[in-house]
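Inside the fold
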Amino acid sequence: MVLGYYLYKLPYSATYKLLKWFKRSLPVVFYCADLIDWEVFEPVQKYLEEIPIVTDNREVEDYFQKQNRRTYRLPCFPSAVIMCRHSYYKFPADEIIKIGMRHGPYHFKRLTRSENYNRFDIFLLSSQSDVAAARSIGVNNSLAVGFPKLDPVITIQNNPELLIPYKKRASIDDTKETILFTTTWFEEGMSAFYKWRNRVGELSERYNILITLHPKIPNQEHEYIQSTPGVFYISKERTLPYIIISDYCIGDTSSILAECSALNKPLITFRTEGGRRSLPEIDELLNKNPSLSGFNIT
């Protein structure tokens, strides 16, 4: 942990104790750094009393305020916080219960350091295989609960008319098959974005092309894709309806591959060996398992 964390922790913890003494601390909150976090947590929220939203993102704040939902800016002092990312350091008081959730249902890359998970009181994973992988690196607080982001699939499959607005926004031509392109971020050395970036528009004559990019990919690349003729860029919208609409998924090591696989979508993967977090068993899985890889493009 960086020095700044400990410098911040002292005044934060003192303020937290004071607010708790005067019974001014908040109850459980959900830290929403980006709207993709809400897509993961919303299926859980519907079974709970309304949980206040905490954010440091103006766009997220505006989104929830338009829905008349309780929203707070950081710094915030709750008794417990739920989050879909490793941002425990934004709530550094030891007394705060921290519950972590996953953005993706499966890791196609090496897990980060165990301390990134163990700083939570509990970290919710999607399967027993995930728990076993986490334990193998020293994570001692994980629990398999499934992946709630996929829960709305049943509702959508029973009510296909719910997909109509998404098809209209994407200008889906029902006479064409639909391909979803997705990619992880660059830092891990496992993104295949530049293998298709400049040519993806060429496919638009034969296919409906949908594209989603990892939020950490530089803004200029999001803008480039958004301005590419013949493709639909999935910006801050929900990705799940577009996965359902798609006939194929083309990607690299993005966790969306697992969502597509869960929905029986054929996958085309690019080889990205040599990444800092690559795993031989994942390369083998993508190479040999026909349920995960329809083709492999070198």
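Here's what I pulled together on the structure shown here. (Residues numbered from 1 in each chain as written. Predicted model: local features only at pLDDT ≥ 70, side-chain atom pairs only at ≥ 80, totals over all residues. Heavy atoms only, no water.)

Thoughts on the pairing of strand 9 (residues 207–213)
Spelled out, the test is: For each residue, the accessible area found with a 1.4 Å probe, counting protein chains only, is set against the maximum for its type, and the residue is called buried under 20%, exposed over 50%, and partly exposed in between. Numbering of helices and strands starts at the N terminus; helices are DSSP runs of H or I of at least 4 residues and strands are runs of E of at least 2. For two strands to be treated as a pair, DSSP must find no fewer than two bridges joining them.
Counting buried residues along strand 9, seven of its seven residues qualify, which places the element largely inside the surrounding structure. Burial of the side chains of strand 9 extends over both faces: Tyr207, Ile209, Ile211 and Leu213 are buried on one face and Asn208, Leu210 and Thr212 on the other. Relative to strand 9, strand 8 (residues 177–183) runs parallel, the two being bridged by seven bridges. Bridged to Phe181 within strand 9 is Ile211. Relative to strand 10 (residues 231–233), strand 9 runs parallel, the two sharing three bridges. Looking at strand 10, one finds that Ile211 is bridged to Tyr233.

Comments concerning the sheet that holds strand 5 (residues 97–100)
Rules: Between the N-to-C directions of two axes lies an angle of 0 to 180 degrees, each axis being a line fitted to C-alpha atoms and, for a helix, fitted only over the stretch in contact. Contact between two residues is taken to exist if any of their heavy atoms lie within 4.5 Å; hydrogens are not considered.
Taking strand neighbours across the sheet as the criterion, the seven strands line up as 3-2-1-4-5-6-7 in an open arrangement whose pairing is parallel. In this open sheet, the two strands that pair with only one neighbour each are strand 3 (71–73) and strand 7 (142–144). Strand-to-strand twist across the sheet, computed as the mean angle between neighbouring axes with direction ignored, equals 25 degrees. Both strand 2 (residues 53–55) and strand 3 contribute to a ladder of three bridges, which runs parallel. The partner of Thr55 across the bridge, within strand 3, is Arg73. Contacting strand 1 (26–31), strand 2 and strand 4 (78–83), helix 2 (residues 35–45) crosses the sheet at an angle of about 120 degrees to strand 1. Across the face of the sheet, helix 3 (residues 58–65) comes into contact with strand 2 and strand 3 while running at roughly 160 degrees to strand 3.

Some details on helix 3
Applied cut-off: Working note: the arc is built from the helix axis to C-beta atom directions. Here a polar contact is taken to be a pair of N or O atoms separated by no more than 3.5 Å, where protein atoms must pair a possible hydrogen donor with a possible acceptor and residues adjacent in sequence count only if both atoms sit in side chains.
Regarding helix 3, the residues found buried are Val60, Glu61 and Phe64. Projected down its long axis, helix 3 shows its buried positions confined to an angular sector of 100 degrees, all on one face. Here the buried face of helix 3 lies against helix 2, strand 2 and strand 3. One side-chain oxygen of the residue at the start of helix 3 lies 2.8 Å from the amide nitrogen of Glu59, identifying that residue as Asn57.

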